[in-house]
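# Overview (structure and organization)
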Amino acid sequence: MLNKGCSEEEIFTFFSQKKREDMDHDYILSSMCTIPHPVAVRAHCMFMETNLGDPGLFLGTASLEQLLIERLATLFHLPTAGGYATSGGTESNIQALRLAKVSKQEVVYPNIVVPESAHFSFRKACDLLSLEMRPVPLDRNFRMDAEKAAEQIDKNTICLVGIAGTTEYGMVDPIADLAKIADAQDVLFHVDAAFGGMVIPFLNNPIPFDFALPGVSTIAVDPHKMGMSTIPAGCLITRDPDLLHSLNIDTPYLSVKQEYTLAGTRPGAPVVGALAVLDYLGKEGMRAVVSGCMKNTDRLIAGMELFGIPRAVTPDVNVATFTCRGIPEPWKVSWTRQGHLRIVCMPHVHLDRIEAFLKDTGEMYA
Ligand SMILES: *Cc1c(COP(=O)(O)O)cnc(C)c1O
């Protein structure tokens, strides 16, 4: 640290330089995050100093968090569901598994049954919570095989996990079948809709994945992805509004006496940002955004196939994957564990960017 501070001008000149080293969003085709919506940015700035970790001091902000949960619970067909705002899908998944673990404390060697396509956050969660992870193979279309999932469940299984919008291929697992299995075998069923939770409800033909299915216990959803909020904004929604209290610990010096969250200090800014986007756009606005992203996904797939670059699978949400050797600079794409090219058609990936990408790629393969 400097002994004597330097001028604001110097600091921000340096920061501007550094920020220019960041990738330009015009070329980012690999991310599930996007440029936040202007109303999210405005809300974020307005609530910059708020701390949801001490809700007794920020009653207004805390009530906005509850409003966000209510909005999402209603969107997921159960207005009475509970939940709270997390830092993202990773924390939501960890917390869902903590809930599962405390609900079956008698199990000595607990396991969870997850699809092979599970996000890597489940590895972290299993490590932290000492859980055995049982991966279930996928079918031809990269969806969890429900029958094989049922075979993996035993008396030590504390949670079944299904994914609504997989990170790598954008597929929705057979959530309805899995919900029935979980119900019949009496295990908690966590739906990881970190990405798809803000997409599926706004599709022309929504795939059932939420509390409308009786077996679904908890849902992870990330407003900082397709919800276009500022980072970090995730949510964990629980069918039973009191379920989270099973994680309560005493918090002696705070304005509330107990908390169930994983983080202590929690930013209110991105949480209010998430609410701002939902209320500003409404269902119609969200449908328009999602419909645009899906159209762009279709256009990208059609364009790539004209160059002889076939899709790996037809996705359920706006993630396109291809069997492809490489792509031209400076486009920033990603590659799946199985070696497929992966492009996420987020809201910042406008049609003209897709066309520009297709033009460059077409020239490379000509
Ligand atoms: C993005 C994602 C996560 C992790 O979310 P973070 O916000 O990065 O912690 C978990 N699950 C799925 C399906 C995701 O797409």
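Calculation notes
- Residues numbered from 1 in each chain as written.
- Predicted model: local features only at pLDDT ≥ 70, side-chain atom pairs only at ≥ 80, totals over all residues.
- Heavy atoms only, no water.
- Helix = DSSP H or I, 4+ residues; strand = E, 2+ residues; numbered from the N terminus.
- Rg over C-alpha atoms; globule rule 2.2 N^0.38 Å.
- Contact = heavy atoms within 4.5 Å.
- Areas by Shrake-Rupley, 256 points an atom, 1.4 Å probe, with all protein chains shown as cover.
- Lys, Arg positive; Asp, Glu negative; His and termini not counted.
- Charge placed at Lys NZ, Arg CZ, Asp CG, Glu CD.
- Buried < 20%, exposed > 50% of the residue type's maximum accessible area, 1.4 Å probe, protein only.
- Pairing = 2+ DSSP bridges.
- Near = heavy atom within 4 Å.
- Polar contact = N/O pair within 3.5 Å; in protein donor to acceptor, adjacent residues only side chain to side chain.
- Nonpolar A, V, L, I, M, F, W, Y, C, P; charged D, E, K, R; others polar.
- Axes fitted to C-alpha atoms, helices over the stretch in contact; angles between N-to-C directions.
- Domains from an automatic or database assignment.
- Buried area = accessible area lost by both parts, 1.4 Å probe.
- Salt bridge = Lys/Arg side-chain N within 4 Å of Asp/Glu carboxyl O.
- Parallel < 35°, antiparallel > 145°, perpendicular 65-115°, else oblique.
- Left-handed = near helix turned anticlockwise from the far one by under 90°.
- Phe/Tyr/Trp six-rings, centres within 6.5 Å; stacked < 30°, edge-to-face > 60°.
- Lys NZ or Arg CZ within 6 Å of the ring centre and 35° of its normal.

## Quick look at the overall build of the chain
- Within the chain one finds 9 helices and 12 strands.
- Its C-alpha atoms give the chain a radius of gyration of 21 Å, within 12% of the compact-globule value 21 Å for 366 residues.
- Seen through its C-alpha atoms, the chain measures out along the principal axes to roughly 65 × 60 × 45 Å.
- Once local pairs closer than 6 in sequence are excluded, the contacts in the chain between residues at least 24 apart make up 71%.
- Taken as a whole, the chain presents about 17,300 Å² of accessible surface, with 55% of it coming from carbon and sulfur.
- Across the chain, the mean location of the 32 positive side-chain charges is 2 Å away from that of the 43 negative side-chain charges.

## Quick word on the environment of Thr297
- With respect to the secondary-structure elements, Thr297 resides in helix α8 (residues 269–306).
- In contact with Thr297, not counting residues within four places along its chain, are Pro315, Asn318, Val319, Ala320 and Cys345.

## Overview of the pairing of strand β10 (residues 319–322)
- Along β10, one buried face is formed by Val319 and Thr321 and the opposite face, lined by Ala320 and Phe322, is buried too.
- With 4 bridges connecting them, β10 and strand β12 (residues 341–344) associate as antiparallel partners. Among the inter-strand pairings, Val319 is bridged to a residue of β12, identified as Val344.

## A closer look at the site of the ligand
- In the region of the ligand, 15 residues are neighbours, and Thr90, Asp192, Asp222, His224 and Lys225 sit closest.
- Asp222 has a polar side-chain atom sitting 3.0 Å from an oxygen atom of the ligand.
- With the chains in place, 86% of the 380 Å² that the ligand exposes on its own is no longer accessible.
- If you tally residues by element for the shell around the ligand, the top one is helix α4 (residues 89–103), at 3 residues.
- Here the shell around the ligand is composed, by residue class, of 3 nonpolar, 9 polar and 3 charged.

## Some details on the sheet that holds β12
- Taken in spatial order, the 3 strands of this open sheet run β10-β12-β11, and their pairing is antiparallel. Taken across any chain shown, the strands that pair with only one partner, and hence form the sheet edges, are β10 and β11 (334–335).
- For β11 and β12, the ladder comprises 2 bridges, and the chain directions are antiparallel. The residue of β12 that forms the bridge with Ser334 is Arg342.
- Taken strand by strand, α8 contacts β10 and β12, and its axis lies near 15° from that of β10.

## A closer look at the domain arrangement of the chain
- We note that the domain assignment places domain 1 (22–36 + 282–365) and domain 2 (38–278) within the chain.
- Summarising the inter-unit geometry, the C-alpha centres of domain 1 and domain 2 are found 26 Å apart.
- Contact with domain 1, which involves 29 residues of that partner, is made by 33 residues of domain 2.
- Carbon and sulfur atoms make up 67% of the surface buried where domain 1 meets domain 2, a total of about 2,700 Å² over both sides.
- Of all residues in domain 1, Pro36, Met286 and Asp316 bury the most surface against domain 2, accounting for 26% of the area lost on that side.
- Across the salt bridge formed by Glu168 and Arg337, the nearest N and O atoms sit 3.1 Å from each other.
- If you look at where domain 1 meets domain 2, you find 10 residue pairs in polar contact (both at pLDDT 80 or more).
- Listed by contribution, the elements that provide at least two residues to the side of domain 1 that touches domain 2 are α8, β10 and β12.

## Let's talk about the packing of α8 against helix α9 (residues 351–365)
- Following both chains from N to C, one finds α8 and α9 inclined at 10°, their axes separated by 10 Å at the closest point. For the element pair α8 / α9, the angle class is roughly parallel. Where α8 crosses over α9, the handedness of that crossing is right-handed. Two secondary-structure elements touch here, α8 through Asn296, Arg299, Leu300, Gly303 and Met304 and α9 through Leu351, Ile354, Glu355, Phe357, Leu358 and Thr361.

## Remarks on unusual backbone geometry
- At the junction of Ile231 and Pro232, the peptide bond is cis and its omega measures out at 5° in the coordinates.
- One can find Pro232 in the loop between β6 (218–221) and β7 (234–238).
- Of note, the bond from Glu329 into Pro330 is cis; its omega dihedral lies within 30 degrees of zero at -5°.
- Topologically, Pro330 is positioned in the loop between β10 and β11.
- Of note, the phi angle at His77 is positive, near 65°, even though the residue is not glycine.

## Comments concerning the packing of aromatic side chains
- Across all of its chains, the model carries 7 aromatic pairs by this definition.
- Judged by centre distance (5.4 Å) and plane angle (80°), the ring pair of Trp331 and Phe357 falls under edge-to-face. Taken together, the residues span a long stretch of sequence, with Trp331 in the loop between β10 and β11 and Phe357 in helix α9 at a distance of 26 residues. Pair check on accessibility: Trp331 and Phe357 agree, each one buried.
- Following the ring pairs from residue to residue traces out a cluster consisting of Phe12, Phe14 and Phe15.
- Sitting over the ring of Tyr27, Arg353 keeps its end group 5.0 Å from the ring centre.

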